[in-house]
Amino acid sequence: MMIAHQARFDVIVRSGRPLWRVQGDNVNDINDMATALRDHILAAPRAGRRRLVALAGPPASGKSTLSSSLSDQLIAAGCKTQVVPMDGFHLDNRILTARGLLPRKGAPETFDIDGFKRLVDALPHSETAYFPLFDRDRDIAIAGAGHVSAGCDTVVIEGNYLLFDAPGWRDLHRCWDYSIRLDVPPDVLEKRLVERWLAHGLTLDQARARAADNDLRNANCVAQSSLKADITVTM
């Protein structure tokens, strides 16, 4: 079954799960997408007093942009919302160096999965919660830099591995009241990743190598082992 949605979305239902194909990825498209997702999220049942929304996707798929727009749309609808990025749970570079994992930073084994799960378990019921934020320019996580307030109704959690079907990570699936997966073609991801690393001062060769040797490997890992989302958005 296929229906048009706001002339920008093709919605295909497969095995009872909707998959949206979106034409274009400019700011207006993202805002339209967030508006449409907002209504689905607000209608979804919740397990705790605070709703948890997972926004999963590979590196450079647009998670940060969409999560920000989605938060704005939910707030405009009267639902106090905050974004919690998973990136704050990167292990410190000193630990990664000691384990020989620094070149693979961003891979599943380079995150503090236990610390992240403790936060996720606490969010539905805790009055307040503090979480680390990742400073990309300094390449470090800063403890306690983020704060989910007592009045927050909905948390949008964005990260690569929120729907990852692997030991430890798959346990998160039960925590989401609503889940969204972004699916972006590899060539688009590569272009965005190279541009990202160029912006951080790498040469073109270095940026291409960084994208190919690490980021795209992680993207492929996510693509091959992903649990079902409530909705998948293909750009």
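If you're wondering where the values come from, they're calculated on a predicted model, not measured in any experiment.

So what about helix α2 (residues 63–76)? Which residues, and what values?
Helix length check: α2, at 14 residues, gives a terminal C-alpha distance of 20 Å against a target of 20 Å (1.5 Å per residue), a fit within 8%. All of the buried residues along α2 are Lys-63, Leu-66, Ser-67, Ser-69, Leu-70, Ser-71, Gln-73 and Leu-74. In the stretch just after α2, Gly-78 is the one whose phi turns positive, near 90 degrees.

Before we move on, could you go through the pairing of strand β6 (residues 129–135) and cite the residues and values that matter?
The side chains of a regular strand alternate between the sheet's two faces. For β6, the buried fraction is high: five of the seven residues fall into the buried class. Taken together, the six bridges between β6 and strand β7 (residues 140–148) define a ladder with antiparallel strand orientation. The residue bridging Leu-133 from the neighbouring strand is Ile-142, located in β7. With antiparallel pairing between neighbouring strands as the criterion, β6 and β7 make up a hairpin whose turn holds four residues, including Asp-139 at a positive phi of roughly 60 degrees.

Lay out the layout of surface pockets in plain terms, naming residues and giving numbers.
It is the rolling of a water-molecule-sized probe over the atoms that shows where space remains empty. Counted as a void, the largest pocket has a volume near 710 Å³. What lines the largest pocket is a set of 31 residues, among which Pro-59, Ala-60, Asp-87, Arg-136 and Arg-196 lie closest to the centre. Of all elements in the fold, only α2, α5 (186–199) and α6 (204–224) reach the threshold of two or more residues within the lining of the largest pocket. Among the elements that make up the lining of the largest pocket, the one with the highest residue count is α6 (four residues). Grouping the amino acids of the lining of the largest pocket by side-chain chemistry returns nine nonpolar, ten polar and twelve charged.

Before we move on, can you summarise the packing of α5 against α6 with the specific residues and values?
When two helices pack together, you describe them by how their axes are tilted relative to each other and by the distance separating the axes. For the pair α5 and α6, interaxial distance at closest approach is 8 Å and the crossing angle is 130 degrees. What the angle tells us is that α5 and α6 run oblique. When the axes of α5 and α6 are compared, the crossing they make is right-handed. Residues Pro-186, Leu-189, Glu-190, Leu-193, Val-194, Trp-197 and Leu-198 of α5 form the contact with α6, whose own contacting residues are Leu-204, Ala-207, Arg-208, Arg-210, Ala-211, Asp-215, Leu-216 and Ala-219. Class assignment of the residues belonging to the contact of α5 with α6 gives a composition of eleven nonpolar, no polar and four charged.

So what's going on with the environment of Asn-220? Which residues, and what values?
Within the element layout of this structure, Asn-220 appears in helix α6. In this structure Asn-220 comes out as partly exposed when scored by relative accessible area, which is 40%. Spatially, the C-alpha atom of Asn-220 lies 8.0 Å from that of Pro-58, the residues being 162 residues apart in sequence.

Just give me the short version of the packing of aromatic side chains, but keep the residues and values in it.
Tallying each qualifying case throughout the model produces five aromatic pairs. Between the aromatic rings of Phe-89 and Phe-116, the centroid separation amounts to 5.3 Å while the plane-to-plane angle is 65 degrees, which identifies the pairing as edge-to-face. Here Phe-89 is found in the loop between β5 (81–85) and α3 (93–98), whereas its partner Phe-116 is found in helix α4 (residues 113–122), with 27 residues between them in sequence. Comparing Phe-89 with Phe-116, the two get one shared label, buried. Summarising the aromatic geometry, the rings of Tyr-161 and Trp-169 are spaced 5.4 Å apart at their centres and angled 50 degrees between planes, so their arrangement reads as tilted. Assessed through its relative accessible area of 0%, Tyr-161 is described here as buried.

How would you explain the side chain of Ser-149 if you had to name every residue and give the values?
Relative to the assigned elements, Ser-149 resides in the loop between β7 and β8 (154–159). Overall, the relative accessible area of 17% leaves Ser-149 in the buried class. One polar contact links Ser-149 to Lys-80, side chain to side chain, over a distance of 3.5 Å. In contact with Ser-149, not counting residues within four places along its chain, are Arg-50, Lys-80, Gln-82, Glu-127 and Thr-128.

Give me the lowdown on the side chain of Thr-110, citing residues and values where you can.
Inspection of the secondary structure puts Thr-110 in the loop between α3 and α4. Taking the relative accessible area as the measure of exposure, Thr-110 reaches 0% and is therefore buried. A distance of 2.9 Å separates a polar side-chain atom of Thr-110 from the backbone nitrogen of Gly-106. Within the structure, Thr-110 has its side chain in polar contact with the backbone oxygen of Ala-107 (distance 2.7 Å). Leaving out residues up to four positions away in the same chain, Thr-110 has contacts with Phe-89, His-90, Leu-91, Leu-96, Leu-101, Arg-104 and Lys-105.

Here is what the cut-offs are and how they apply
Residues numbered from 1 in each chain as written. Predicted model: local features only at pLDDT ≥ 70, side-chain atom pairs only at ≥ 80, totals over all residues. Heavy atoms only, no water. Helix = DSSP H or I, 4+ residues; strand = E, 2+ residues; numbered from the N terminus. Expected span 1.5 Å × (residues − 1). Buried < 20%, exposed > 50% of the residue type's maximum accessible area, 1.4 Å probe, protein only. Pairing = 2+ DSSP bridges. 1 Å grid on protein atoms, 1.4 Å probe; cavity = no way out; pocket = protein on both sides within 12 Å on 5 of 7 lines; lining within 4 Å. Points joined across faces, edges and corners; volume = space filled by probe spheres on them. Nonpolar A, V, L, I, M, F, W, Y, C, P; charged D, E, K, R; others polar. Axes fitted to C-alpha atoms, helices over the stretch in contact; angles between N-to-C directions. Parallel < 35°, antiparallel > 145°, perpendicular 65-115°, else oblique. Left-handed = near helix turned anticlockwise from the far one by under 90°. Contact = heavy atoms within 4.5 Å. Phe/Tyr/Trp six-rings, centres within 6.5 Å; stacked < 30°, edge-to-face > 60°. Polar contact = N/O pair within 3.5 Å; in protein donor to acceptor, adjacent residues only side chain to side chain.

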